[in-house]
Amino acid sequence: TSLSSQYDEEIFIRDFFDGKRHGFFVDVGANDYRKYNNTYYVENVLGWSGIAIDAVGEFARGYAAHRPRTQFFNFFVSDTSDERARFWVAAGDHLLSSSEHDVAGAGSTARTVPTITLNDLLARAGIQTVDFVSMEIELAEPKALAGFDIRRYRPALVCIEAHLPVRQAILDYFARNAY
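Residue numbers here run from 1 along each chain, matching the order of that chain's written sequence. Totals for whole chains, interfaces and linings use every residue, but because this is a predicted model, local features are given only for residues with pLDDT of at least 70 and side-chain atom pairs only at 80 or more, for both listing and counting. Here the side-chain values reflect all heavy atoms present in the structure, with hydrogen atoms and water set aside.

Caption draft 1: The arrangement of the nonpolar core in detail. We call a set of buried Ala, Val, Leu, Ile, Met, Phe, Trp, Tyr and Cys residues a nonpolar core when their side-chain atoms join them within 4.5 Å. For each residue, the accessible area found with a 1.4 Å probe, counting protein chains only, is set against the maximum for its type, and the residue is called buried under 20%, exposed over 50%, and partly exposed in between. By size, the foremost hydrophobic cluster in this structure holds 39 residues, and its most contacted members are Val-26 and Ile-53. The way it works is that DSSP assigns letters per residue, a run of H or I at least four long becomes a helix, a run of E at least two long becomes a strand, and they are numbered from the N terminus. When residues in this core are grouped by element, the largest group, four residues, is from helix H8 (residues 164-176). In this structure, Ile-13, Leu-46, Trp-48 and Cys-159 belong to the second largest nonpolar core, which totals 10 residues.

Printed below as a string of C-alpha cells:
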C-alpha cells in the first residue's frame, strides 16, 4: 500500500507501535482523510480509532465516507474554548490553512471557527487514554499544547510539526512535561 503521510511519518509511527492493534489517536490539523495524513495507516491497517480535528469543515465529508472509526470535529484547537478564532485558507487549496495570513499566502480567505482546548474536547468525548497525537497546525502548535494536559494523557508518541518560529516553545512544553 502507498504511504499517506507527507514525509513518511507513518513508517516511524508503524515501527514505533510495532503492530499494536486497536489504539487511540488524536489528530490535530487532521486535514484530508488520507492525503498527507498521519493517522490513516493506524486506522485502516491496525484498526485504531480516534479523533480528527480541523478548522476546515469541508474535510468532514471525507472522514464520514472513508474513516468509520474516526470522529471528526470542526474546531480551531487553542488554549481557550468557546471563543472564535480567525484563520486563513489558501485560495483553491484547503490543505493549507493557518492562523497566520502569510503562511496561507496571498489570495487566501479569512474564516472564523469555534475554538476548543484538547482537554475540553477529550473530556466532552469521554476519552481517557490517548496512544498517539499528531499535530500540524501551521504555527499554532504552542497554543494548542497549552490547552493539553499531556501529563494526564501520556501519549506514547507525539508527532508534531515544529517550524522554526515556534520550535523552542514546543521544545520547552515537552521539557516542562518530562517528555
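That covers the picture; the talk isn't over yet.
Caption draft 2: Layout of the pairing of strand E1 (residues 24-28). In terms of burial, E1 is largely enclosed, as five of its five residues are buried. What you see with E1 is no split at all: Phe-24, Val-26 and Val-28 on one side and Phe-25 and Asp-27 on the other are buried throughout. Two strands qualify as a pair provided DSSP detects at least 2 bridges between them. Two elements, E1 and strand E2 (residues 49-53), share five bridges in a ladder whose sense is parallel. The residue of E2 that forms the bridge with Phe-25 is Gly-50. Examined bridge by bridge, E1 and strand E8 (residues 132-135) share four bridges and lie parallel to one another. Residue Val-28 lies in a different strand from E8, and its bridge partner there is Met-135.

Caption draft 3: Structural detail: helix H1 (residues 9-17). Among the residues of H1, Glu-9, Glu-10, Ile-13 and Phe-17 are the ones counted as buried. Here the buried residues of H1 occupy an arc of 90 degrees about the axis, which is enough to place them on one side. For H1, the elements touching its buried residues are helix H2 (40-44), E8 and strand E9 (157-160). Asp-18 occupies a position one or two residues after H1 and carries a positive phi of about 45 degrees. This arc corresponds to the set of directions leading from the helix axis out to the C-beta atoms. Residue contacts are counted whenever heavy atoms from the two residues lie within 4.5 Å of one another.

Caption draft 4: Here's a closer look at the environment of Ala-65. Relative to the helices and strands, Ala-65 resides in helix H3 (residues 60-66). Take Ala-65: its relative accessible area is 56%, and that puts it in the exposed class. In this structure, the C-alpha to C-alpha distance between Ala-65 and Tyr-33, residues 32 residues apart in sequence, is 9.2 Å.

Caption draft 5: Up close: the pairing of E8. Here E8 shows a buried face lined by Phe-132 and Ser-134 and a second buried face lined by Val-133 and Met-135. Relative to E9, E8 runs parallel, the two being bridged by four bridges. Its bridge partner lying in E9, Met-135 is registered against Ile-160.

Caption draft 6: Highlighting the packing of aromatic side chains. Ring pairs are drawn from Phe, Tyr and Trp, using the six-membered ring of Trp, whenever the two centres fall within 6.5 Å, and their geometry is named by plane angle: stacked under 30 degrees, edge-to-face over 60, tilted for the rest. In this structure the tally under the stated criterion is 10 aromatic pairs. Here the aromatic rings of Tyr-173 and Phe-174 are separated by 5.2 Å at their centres, their planes lie at 85 degrees, and the arrangement is edge-to-face. Owing to a relative accessible area of 6%, Tyr-173 belongs among the buried residues under this scheme. The class for Phe-174 is buried, based on a relative accessible area of 11%. Here a set of aromatic residues connected by ring pairs shows up, and it is made of Phe-16, Phe-17, Trp-48 and Phe-132.

Caption draft 7: Region of interest: unusual backbone geometry. Unlike most non-glycine residues, Asp-18 shows phi in positive territory, near 45 degrees. Here Asp-18 shows up in the loop between H1 and E1. You will see that Asp-82, though not glycine, has its phi angle at about 60 degrees, which is positive. Structurally, Asp-82 is set in the loop between strand E4 (76-77) and strand E5 (84-89). Using a relative accessible area of 60% as the deciding quantity, one classes Asp-82 as exposed.

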